[in-house]
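# Coordinate analysis (summary)
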2 protein chains.
Amino acid sequence: MLEKTTRMNYLFDFYQSLLTPKQRSYMSLYYLDDYSLGEIAEEFGVSRQAVYDNIKRTEAMLEEYEEKLLLLAKFQERQRLIAELKKELSKSGHAGAEALTIVEAIEKLE
Amino acid sequence: MLEKTTRMNYLFDFYQSLLTPKQRSYMSLYYLDDYSLGEIAEEFGVSRQAVYDNIKRTEAMLEEYEEKLLLLAKFQERQRLIAELKKELSKSGHAGAEALTIVEAIEKLE
C-alpha cells in the first residue's frame, strides 16, 4: 500500500475530472501545493472545518471511484509489467530497440 | 469511430460499475442480450417510453464519463501499440518469446 499522500496524489490524478471545481481546488492546494487547511480556508473565505469536511468527503469519493474502476491498481500492475518488459528487451540489445520505442509509447499513455 | 452498438458495448464494459443497478439491467438486456424496448418494459412492468428514456440518459452518461476519463480512447490506442509491438517481437523469433509473454499479460489487464 502506498503512503497516504502519494496514494491521494495518484487517485486525484486519475479521477479529478469527476470532481466539482471546488473539490478540485481544495484537493489540488492541499495535496499538490501543500497548503494547510487554515490557508485554504482563508483563501476561500470559509471555515477551516468546512475545508476539512470537503477534503475528507472528496478523499472518500476518490476511494469509491477506485473501488469501482481500479484505474490506480491496473496502472501499478501495468507499470510493473512494463518495467519487466523493458528489462527483457534490453537483453536483446539492438534487436529490441524498435520494440522498446513502442513500449515507451505505451508507458506514456497512462 | 466505432459503430454505435459496438461503441456502447465498450463504454458499458468500461463504466458499468458507475451506473445504478436499474441502468445496468436495462443496458445489459438491450445491448448485450439484444432485447427490444418492449420486451424490457414487459420484464420490468414499466412503459416502453420509460425504458427508452432511461437508456437514452444512460447512453449520455456513458459518453460523459468517456469525455472525462477517456478509458475507451486510451484502450484503443494501447491495443494499437500492443499489436505493433507483437509484430515487432515476432520478427525476433525465439529471442522475443519471453517479451511476448509479458506483452500478453499487459493485454489481459485491460
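Residues numbered from 1 in each chain as written. Chains lettered and ligands numbered in written order. Predicted model: local features only at pLDDT ≥ 70, side-chain atom pairs only at ≥ 80, totals over all residues. Heavy atoms only, no water.

For chain A, an unreviewed UniProt entry supplies the name UPF0122 protein NK662_16705 and the organism Ectobacillus ponti. Database annotation for chain A, UniProt heading Function (unreviewed entry): "Might take part in the signal recognition particle (SRP) pathway. This is inferred from the conservation of its genetic proximity to ftsY/ffh. May be a regulatory protein." Turning to chain A, the UniProt annotation filed under Sequence similarities (unreviewed entry) states: "Belongs to the UPF0122 family." (UniProt positions renumbered as here; feature names shortened; annotations may be inferred.)

So, on to the domain arrangement of chain A. What the domain assignment lists for chain A is domain 1 (2-69) and domain 2 (74-109). Domain 1 of chain A and domain 2 of chain A are separated by 33 Å when their C-alpha centres are compared. (Domains from an automatic or database assignment.)

Attention shifts here to the relation of the copies chain B and chain A. If you rotate chain B by 180° and push it 0.0 Å along the axis, it lands on chain A with an RMSD of 0.0 Å. Accordingly, the operation relating the two chain copies is best matched by a two-fold axis. The rotation axis passes nearest to the C-alpha of Gly96(B) in chain B, at a distance of 4.1 Å. (Least-squares fit on C-alpha atoms with pLDDT ≥ 70 in both.)

Another point: the environment of Asn9(B). Residues and elements named next belong to chain B. Here Asn-9 is to be found in helix 1 (residues 4-15). Judged by its relative accessible area of 23%, Asn-9 falls in the partly exposed class. Between the C-alpha atoms of Asn-9 and Met-27, which are 18 residues apart in sequence, the distance is 8.9 Å. Other than its neighbours up to four places away in sequence, Asn-9 contacts Tyr-31 and Leu-32. (Helix = DSSP H or I, 4+ residues; strand = E, 2+ residues; numbered from the N terminus. Buried < 20%, exposed > 50% of the residue type's maximum accessible area, 1.4 Å probe, protein only. Contact = heavy atoms within 4.5 Å.)

On to the confidence of the model for chain A. Of the residues in chain A, 97% reach a pLDDT of 70 or more, and the chain-wide mean stands at 92. Mean pLDDT across the elements of chain A ranges from a minimum in helix 6 (residues 97-108) of chain A, with 84, to a maximum in helix 4 (residues 48-69) of chain A, with 98. (pLDDT = per-residue confidence, 0-100.)

What follows is about the side chain of Thr58(B). For Thr58(B), the position within the fold is in helix 4 (residues 48-69). When near neighbours in sequence (up to four residues on either side) are disregarded, Thr58(B) contacts Leu19(B), Gln23(B) and Met27(B).

Residue and element names in this part refer to chain A. On inspection of all chains with the given rule, the structure shows 14 salt bridges over all chains. Note that Glu-63 is salt-bridged to Arg-7, the shortest N-O span being 2.8 Å. With a gap of 56 residues between them, Glu-63 in helix 4 and Arg-7 in helix 1 (residues 4-15) connect regions that are remote in the sequence. We note a salt bridge from Glu-77 to Arg-80, for which the minimum N-O separation is 2.9 Å. Taken as a pair, Glu-77 and Arg-80 lie in helix 5 (residues 71-91) at a separation of three residues, close to a single helical turn. Judged by relative accessible area, Glu-77 falls into the partly exposed class, the value being 29%. The exposure class of Arg-80 is partly exposed, given its relative accessible area of 43%. Here the salt bridges share partners, and the residues they tie into one network are Lys-4, Lys-56 and Glu-59. (Salt bridge = Lys/Arg side-chain N within 4 Å of Asp/Glu carboxyl O.)

For helix 6 (residues 97-108) of chain B, spanning 12 residues, the distance from its first C-alpha to its last is 17 Å, which sits close to the expected 16 Å at 1.5 Å a residue. Against helix 5 of chain A together with helix 5 (71-91) of chain B lie the buried residues of helix 6 of chain B. (Expected span 1.5 Å × (residues − 1).)

We now examine the interface of chain B and chain A. Counting residues at the interface gives 25 residues for chain B, matched by 25 residues for chain A. Counting the contacts that link chain B with chain A gives zero salt bridges. Our count for the contact surface shared by chain B and chain A stands at two residue pairs in polar contact (both at pLDDT 80 or more). Considering every element that reaches the side of chain B that touches chain A, the biggest residue donor is helix 5 of chain B, with 10 residues. By residue class, the composition of the side of chain B that touches chain A is 16 nonpolar, one polar and eight charged. (Polar contact = N/O pair within 3.5 Å; in protein donor to acceptor, adjacent residues only side chain to side chain. Nonpolar A, V, L, I, M, F, W, Y, C, P; charged D, E, K, R; others polar.)

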